[in-house]
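# Remarks on the overall topology
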Amino acid sequence: MKVQVCIIGGGPSGLLLSQLLHLQGIDTVVLEKQSRDYVLGRIRAGVIEQGFARLMHEAGCGERMDREGEIHEGFHIAHGGILDRVDLSKYSGGNSVLVYGQTEVTRDLYDARDRMKGAVVHQAEDVALFDLTSDAPYVTYRDGGRTVRVDCDYVVGADGFHGVSRGSIPKGALREYEKVFPFGWLGVLSRTKPVSPELIYTRHARGFALCSLRSQVLSRYYIQVPLTDKVEDWSDDAFWAELKHRLPAEASDRLLTGPSIEKSIAPLRSYVVEPMRHGNLFLVGDAAHIFPPTGARGLNTAASDVHYLYHAMVAHYRKGDGSGLDCYSQKALTRVWKAQRFSWWMTTLLHRFSEDTPYDDKLKETELAYLFSSEAALRVLAENYVGLPY
Ligand code: APR
Ligand code: PHB
């Protein structure tokens, strides 16, 4: 097989890039290790920046998102038993976010790829990358008993944190930055009316909690738990009791509980690799960086990588201008680090760390009191939450 761009990974990053490039007449193939059902079975975050929504429109995938996604012009932070609201629209110059599940984004992208007869290979086993620093890189994969070779101009590693692409770069050519947080989020999805039409992020002495939603009949709740906890340790009743405990009374009094339809624990990690290019291999999304979920930067930062790489490739193929490809890594990383800063700030502020001293608690309480007393501070939060421009 011969294509211009071979994309490894059929998550949101790989699918969005292949859809955008295809619309510009650039030929791609997506090699995905898992089945489509498996990819669409993963439940992930659900807050989308307008920048990402625009990109989905440009890719011709925005219709259902417009219909079913909810525009949120604010969210709440609960602290010290009170509920304060961040008016995103007021403090970000009229901007907002869209609440629409990542699973739905991925489904819309697969549907668009099907409509355009885009090449997406599922259950591509043993994907391997070769000659990345030459002008003729290639990728191989196993399809049952036969090995398929894909020759291409460029390889895109969009295969997530555990993918093969980043590992194909010699260790000495990369610099890794990592912070593993000493706790996880236990998440529950339930077919109940959300406790609040807007998200509630909660700081509490017993740990962080988040009330989120997928729609007005589907709720998503999280509580901070020790990394040693297992899903089996948490019955639905125990989860609801702990969530209620952490919420301020005006929210917990309204909380509607019901059976969980999904329950899982996700560890919190921050990770960045530099650079995001090695020869003719470009890394995008989770293959290059991981965010803790606080502040929902993961998917949105993957989208800005896709935006930079897409425009760079179009300039290269259309005008022979390689400058965008040359500065892709530096441009993408500048925004990645700003998003890392924001997710680190929000995670540190709202979670309980075992080493937190009374001094740390006082500082965090003061940080929150200051935030809600200062328009300047609210503006900083709002502009980061809705997504820095790109
Ligand atoms: N070969 C082919 N495909 C692979 C391989 C491999 N060796 N390893 C992993 N994959 C696939 C995974 O099965 C997955 O479908 O690559 C895809 C990567 O998708 P994501 O992990 O969703 O990463 P990305 O598309 O960058 O999306 C970023 O999604 O993971 C969330 O929090 C993340 O919100 C962020 C966004
Ligand atoms: C979610 O709905 O899953 C969600 C929302 C906001 C976050 C993280 C997760 O910051």
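Quick summary incoming for the structure in this document. (Residues numbered from 1 in each chain as written. Chains lettered and ligands numbered in written order. Predicted model: local features only at pLDDT ≥ 70, side-chain atom pairs only at ≥ 80, totals over all residues. Heavy atoms only, no water.)

## Brief notes about helix H9 (residues 298-319)
The end-to-end C-alpha distance of H9, which contains 22 residues, comes to 32 Å, matching closely the 32 Å that a straight helix rising 1.5 Å per residue would cover. Gly 320 sits one or two residues past H9 and shows a positive phi near 65 degrees. (Helix = DSSP H or I, 4+ residues; strand = E, 2+ residues; numbered from the N terminus. Expected span 1.5 Å × (residues − 1).)

## So, the sheet that holds strand S20 (residues 289-290)
Working definition: the strands of a sheet are paired by backbone hydrogen bonds and lie parallel or antiparallel to each other. The strand order across the open sheet built from 8 strands is S6-S5-S14-S15-S16-S13-S17-S20, with neighbouring strands paired in mixed fashion. The open sheet terminates on both sides in strands that have one partner only, identified here as strand S6 (82-87) and S20. Bridge analysis of strand S5 (residues 74-79) against S6 gives 6 bridges, and the strand direction is antiparallel. Each bridged residue has a counterpart across the sheet, and for Ile 77 the counterpart in S6 is Asp 84. Strand contacts of helix H7 (residues 236-246): strand S13 (175-190), strand S14 (200-202), strand S15 (209-215), strand S16 (218-226) and strand S17 (260-274), with the helix running at about 85 degrees to S16, the strand carrying the most contacts. (Pairing = 2+ DSSP bridges. Contact = heavy atoms within 4.5 Å. Axes fitted to C-alpha atoms, helices over the stretch in contact; angles between N-to-C directions.)

## A word on the sheet that holds strand S9 (residues 125-130)
Reading across the sheet, the 3 strands line up as S9-S10-S11 and stay open at both edges, with antiparallel pairing between neighbours. The two strands at the open ends of the sheet, each matched to only one other strand, are S9 and strand S11 (146-151). Recorded for the sheet is a direction-independent mean angle of 20 degrees between the axes of neighbouring strands. Direction of pairing for S9 relative to strand S10 (residues 138-143): antiparallel, over a ladder of 4 bridges. The residue bridging Ala 128 from the neighbouring strand is Thr 140, located in S10.

## Let's talk about the environment of Ser 323
Examined against the element boundaries, Ser 323 turns out to sit in helix H10 (residues 323-326). Residue Ser 323 is classed as partly exposed on the basis of its relative accessible area of 41%. C-alpha separation for the pair Ser 323 and Val 217, spaced 106 residues apart in sequence, amounts to 48 Å. (Buried < 20%, exposed > 50% of the residue type's maximum accessible area, 1.4 Å probe, protein only.)

## Some thoughts on the site of ligand 2
Among the 15 residues in the neighbourhood of ligand 2, the closest are listed as Tyr 201, Ser 212, Arg 214, Tyr 222 and Pro 293. Within the side chain of Arg 214, an N or O atom sits 2.8 Å from an oxygen atom of ligand 2. For ligand 2, the accessible surface in isolation is 280 Å², of which the surrounding protein chains cover 100%. Of all the secondary structure elements, the ones that give two or more residues to the shell around ligand 2 are S15 and S16. When residues of the shell around ligand 2 are assigned to their parent elements, the largest contribution, 3 residues, is made by S15. (Near = heavy atom within 4 Å. Polar contact = N/O pair within 3.5 Å; in protein donor to acceptor, adjacent residues only side chain to side chain. Areas by Shrake-Rupley, 256 points an atom, 1.4 Å probe, with all protein chains shown as cover.)

## Thoughts on the packing of aromatic side chains
Within the structure shown, the criterion is met by 19 aromatic pairs. Aromatic side chains Tyr 177 and Trp 337 sit 5.4 Å apart centroid to centroid with 90 degrees between the ring planes, which places their arrangement in the edge-to-face category. Of the two residues, Tyr 177 sits in strand S13 while Trp 337 sits in helix H11 (residues 328-350), which places them 160 residues apart along the sequence. Here a set of aromatic residues connected by ring pairs shows up, and it is made of Phe 75, Trp 185, Tyr 201, Phe 208, Tyr 222 and Tyr 385. Across from the ring centre of Tyr 138, 3.6 Å away, lies the NZ or CZ of Arg 149, which sits over that ring. (Phe/Tyr/Trp six-rings, centres within 6.5 Å; stacked < 30°, edge-to-face > 60°. Lys NZ or Arg CZ within 6 Å of the ring centre and 35° of its normal.)

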